[in-house]
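# A structural walkthrough
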Amino acid sequence: MSDLPLFYFTYFTLVFVISILMDGLFLKFSKTLGIRKSEGTVRWTDVYKPAIGGITFYITFLLSLITYSLFFYSPQILMHTQILGLLSTGTIAFLMGLADDAYDTNPILKFSSQVLCGIILIYSGIYIQVFSNIYLNYIITMVWVVGLMNSINLLDNMDAIASIVALGALSTMITIVLLEKSITTVFFILMLGTSSCILAFLFFNWHPSKMYMGDTGTQFLGLFMAALSIFFLWNGTNSSLSLSPEKRIISAVLTFALPIIDTTIVFFNRLLKGNSPFIGGKDHTTHHLYYLGLKETQIAILYIVYTGICFAGVIVMYRCVFTWSKLYSVILATFFTLSLVALFVVTKIGEIRNANSLKIKDANKD
């Protein structure tokens, strides 16, 4: 047990170095796989960039499973129902994302694969356990899995944004595991390896980026974080969380506040305009912040700050609040609502600014 911190530090460092090398190798040899023009899609710039970051994520996921089974003498870990569920759904999400990056597949096929992932997770015992009605728990699990896979995918629209959100969420869950001293579980090494891999990817994804995650990465990460959040946020792993459904729900929502808010606003705005919410465009909160005058790096830093606030809120709630009060629910609900309203207003102002800018450009052309 005393050697575990050194082991994990070494593993984190090795994964970081290996991921840097793999990302650099994939970037060097990428020809057509995952390269899509941003115009007409969710990509922000018009520069062709490979969307292959997710390949390293999946390799690291498999490497972490192998490492755990070797160093913790648990070769039978792959026979565990929940691990099999996570492995199979992670593979489905990865392959579906890979196909979408390579061939731009039909959205219905992507949605069907996400639903299949939700069904397999539920069948393997990975589902939200908050309400007394088991079928209600199943429905919420399905919505959570499909919603988070799409939300992370939508956030891969500007340099570093999806990476920041994923690192923030994983850091929150890793901290919870550390506080509980449950670092011998396979889930801990999975989160640690994935976090190190994303941190390495951020080296290539920070503005000006050299590559994106692509659907390969966002589909896998969305599935991975949805499953892990069910374990450590929704269902809770200590008595204080397990006794308070409100705390569990709020901890999950607060951890993933940015993807939830961004997806909600984008869908609402597109429906208001009579557009399909499933067709990508340059209408995310990040884009509108740019229309207001912020640079890509400033937007990324703003997202880091907001993610840090959410991280701190979850950890303080987890460590310092043992008797839940309705006042806490009101405070956190107010914070979430204000964030939603503020970013919604930003999108409306951004639309006006962008429309005026386009009019000026057209006038100058004439």
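Preceding block: the structure.
Residues numbered from 1 in each chain as written. Predicted model: local features only at pLDDT ≥ 70, side-chain atom pairs only at ≥ 80, totals over all residues. Heavy atoms only, no water.

### Things to note about the overall build of the chain
The cut-off we apply is this: Numbered from the N terminus, helices here are DSSP runs of H or I no shorter than four residues, and strands are runs of E no shorter than two. Whether a residue is buried, partly exposed or exposed follows from its accessible area with a 1.4 Å probe, protein chains only, as a fraction of its type maximum: under 20%, in between, or over 50%, in that order. Working rule for contacts: check all heavy atoms of both residues, and any pair within 4.5 Å makes them a contact. Accessible surface is estimated by sampling points in the Shrake-Rupley manner with a 1.4 Å probe; for residues, cover comes only from the protein chains shown.
Regarding its fold elements, the chain presents 14 helices and 2 strands. Here the chain holds 366 residues, and 51% of them are scored as buried. For the chain, restricting intrachain contacts to residue pairs at least 6 apart in sequence, the fraction spanning at least 24 positions comes to 76%. For the chain, the computed accessible surface area is about 16700 Å², with 70% contributed by carbon and sulfur atoms.

### Some thoughts on empty space enclosed by the protein
What counts, and what does not: Both site types are read off a 1 Å grid over the protein atoms alone. A 1.4 Å probe that fits but cannot get out defines a cavity, while an open set with protein on both sides within 12 Å along at least five of seven lines defines a pocket; lining residues have an atom within 4 Å of a point. Grid points are joined across faces, edges and corners, and a volume is the space filled by probe spheres set on the points.
Under the counting rule described, the total for this entry stands at 1 cavity of 30 Å³ or more. Looking at the largest cavity, its volume works out to about 70 Å³. Around the largest cavity sit Val165, Gly168, Ala169, Thr172, Leu254, Thr255, Ala257, Leu258, Pro259, Thr307, Cys310 and Phe311, which together line it. Broken down by secondary-structure element, the contributors of at least two residues to the lining of the largest cavity are α6 (161-180), α10 (245-255), α11 (257-272) and α13 (296-320). When residues in the lining of the largest cavity are grouped by element, the largest group, 4 residues, is from α6.

### Regarding the packing of aromatic side chains
Applicable threshold: Between 30 and 60 degrees the pair is tilted, below 30 it is stacked and above 60 it is edge-to-face, where a pair is any two Phe, Tyr or Trp rings, Trp via its six-membered ring, whose centres lie within 6.5 Å.
Under the defined criterion, the tally for this structure stands at 25 aromatic pairs. With centroids separated by 5.2 Å and ring planes inclined at 45°, the aromatic side chains of Phe7 and Phe71 adopt a geometry described as tilted. A residue pair is termed long-range when its members are at least 10 positions apart, and Phe7 in helix α1 (residues 4-29) and Phe71 in helix α2 (residues 53-71) qualify at 64 residues. A connected cluster of aromatic rings, assembled from ring pairs, spans Phe7, Tyr8, Tyr11, Tyr68, Phe71, Phe72 and Phe188.

### Section: the pattern of salt bridges
The condition that has to hold: We define a salt bridge as a contact between a side-chain nitrogen of Lys or Arg and a carboxyl oxygen of Asp or Glu at a distance within 4 Å.
In total, this model carries 5 salt bridges according to the counting rule given. Residues Asp100 and Lys110 are paired through a salt bridge, measuring 3.3 Å at the closest nitrogen-oxygen approach. Of this pair, Asp100 sits in helix α3 (residues 81-103) while Lys110 sits in helix α4 (residues 107-123); the two residues are 10 residues apart in sequence, bridging distant segments of the chain. Its salt-bridge partner being Asp215, residue Lys110 comes within 2.6 Å of it at the nearest N-O pair. Of the two residues, Lys110 is situated in helix α4 and Asp215 in helix α8 (residues 214-234); the sequence distance between them amounts to 105 residues. Each member of the pair Lys110 and Asp215 is classed as buried. Where salt bridges share partners, they join Asp100, Lys110 and Asp215 into one cluster.

### Remarks on a nonpolar patch on the surface
Selection criterion: Residues qualify for a patch when their relative accessible area is over 30% and they have no salt bridge, like charges being joined within 9 Å and the nonpolar side chains of Val, Leu, Ile, Met, Phe, Trp and Tyr within 5 Å.
Taken together, the side chains of Ile301, Ile304, Val305 and Ile309 define a hydrophobic patch exposed on the protein surface, amounting to about 330 Å² of accessible area. Following the sequence through the fold, Val305 ends up in helix α13. You can call Val305 partly exposed: its relative accessible area is 46%.

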